[in-house]
Amino acid sequence: MRFGILDMVGLAITFAFAFPVANYGVLRILDGETLFGVTLVGIAIAMVVIQEYFLDPKRLLRKLLGGLLPSRLRSSDSSSTEK
């Protein structure tokens, strides 16, 4: 996967919000609150995964615009290039 400059900035911002959550989760695990700590670490991982793989703006825009176009104007190769 190739990242552009805006992708890298978006990933850095996501990490800036996810890192404190994961850090607090690890501290809770070390203090004995295992379930709460693991939940927080899972939330931090989900923040990065959801932003990076499910909320890809290019793919969402392509699907939105593809759905708005009449079927005769859609290109036949656009469905094969989607991941």
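This text gives an overview of the structure that appears in the document.

Rules and cut-offs
Residues numbered from 1 in each chain as written. Predicted model: local features only at pLDDT ≥ 70, side-chain atom pairs only at ≥ 80, totals over all residues. Heavy atoms only, no water. Helix = DSSP H or I, 4+ residues; strand = E, 2+ residues; numbered from the N terminus. Expected span 1.5 Å × (residues − 1). Bend = angle between axes of the 7 residues up to and from the residue. Buried < 20%, exposed > 50% of the residue type's maximum accessible area, 1.4 Å probe, protein only. Contact = heavy atoms within 4.5 Å.

### A few points about helix H1 (residues 5-30)
Along its 26 residues, H1 runs 37 Å from first to last C-alpha, staying within 8% of the 38 Å computed at 1.5 Å per residue. In H1, a bend of some 30 degrees at Ala 18 exceeds every other bend along the element, and Pro 20, a proline, comes one to four places later. For H1, every residue scored as buried is listed here: Leu 11, Thr 14, Ala 18, Gly 25 and Arg 28. Where H1 is buried, its residues contact helix H2 (34-54). Note on H1: the residue one or two positions beyond its end, Gly 32, has a positive phi of about 105 degrees.

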